[in-house]
Amino acid sequence: MGMVTGLRKKAAVVAATTALLIGGGVVTATSASAGYMCGAGYHCAYWAQLGDSGSHDYYNSDANFTNDYFNDNPGTRGSGEVVNDNVRAASNSSTGGYESHYYRDINYGGGLLFCVNPGSQVFYGSLASWQEAQASSLLLRPSTTIHCF
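As a starting point, this report considers the structure included with it.

Scoring rules and cut-offs
- Residues numbered from 1 in each chain as written.
- Predicted model: local features only at pLDDT ≥ 70, side-chain atom pairs only at ≥ 80, totals over all residues.
- Heavy atoms only, no water.
- Pairing = 2+ DSSP bridges.
- Helix = DSSP H or I, 4+ residues; strand = E, 2+ residues; numbered from the N terminus.
- Disulfide = S-S within 2.5 Å.
- Buried < 20%, exposed > 50% of the residue type's maximum accessible area, 1.4 Å probe, protein only.

Moving on: the sheet that holds strand β1 (residues 43-46). A sheet is described by the order of its strands in space; here 4 strands give the open sequence β2-β1-β3-β6, paired in antiparallel fashion. The open sheet has two edge strands with one neighbour each: β2 (55-58) and β6 (121-122). Relative to strand β3 (residues 89-92), β1 runs antiparallel, the two being bridged by 4 bridges. Its bridge partner being in β3, Y46 is matched across the sheet by A89.

This next bit is on the state of the cysteines. Counted according to the given criterion, the structure contains 2 disulfides. The residue that forms a disulfide with C38 is C44, at a sulfur-sulfur distance of 2.1 Å. Taking the sign of the torsion about the S-S bond as the criterion, the disulfide between C38 and C44, at about 85°, is right-handed. Of the residues examined, C44 reaches a relative accessible area of 0% and is grouped as buried. Note that C115 is cross-linked by a disulfide to C148, the S-S spacing being 2.0 Å. Judged by the sign of its S-S torsion, about -95°, the cystine formed by C115 and C148 is left-handed. Here C115 is found in strand β5 (residues 112-116), whereas its partner C148 is found in the segment after β7 (137-141), with 33 residues between them in sequence. A residue is classified by how much of its surface remains accessible, and C148, at 7% relative accessible area, is buried. If you count the bonded cysteines of the chain from the N-terminus, they pair up as 1-2, 3-4.

Here is the structure:
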């Protein structure tokens, strides 16, 4: 009987440890990182200032901005303008830990312009002139070693 009791105790410890690890993993995987003026789970692109200009919210990658418009924040500067080649600020409120990678051309071509970490943002005037107002596509990537805002 002693051996059976010992095995039951070991099994209980393994089960409790597994439940703790799984529970901890779920909390980590679903934790949100809120970027400024960007709803949970979204990657937001702005015509100019965060929250004070037209914006477009992305939930997934988008290989082509030519058919997207800054239609959020109606009545603000840039509202109604096409997103392609007009992104001057961005915010990342990923709930899955994804970085926002903005590329120069459609289909992620032309090289990476800049990227934004979950819970972070880049403001108008913070981007270099070669990065500003040139984005044509957005690729959401899991955590990388690339330096992001």
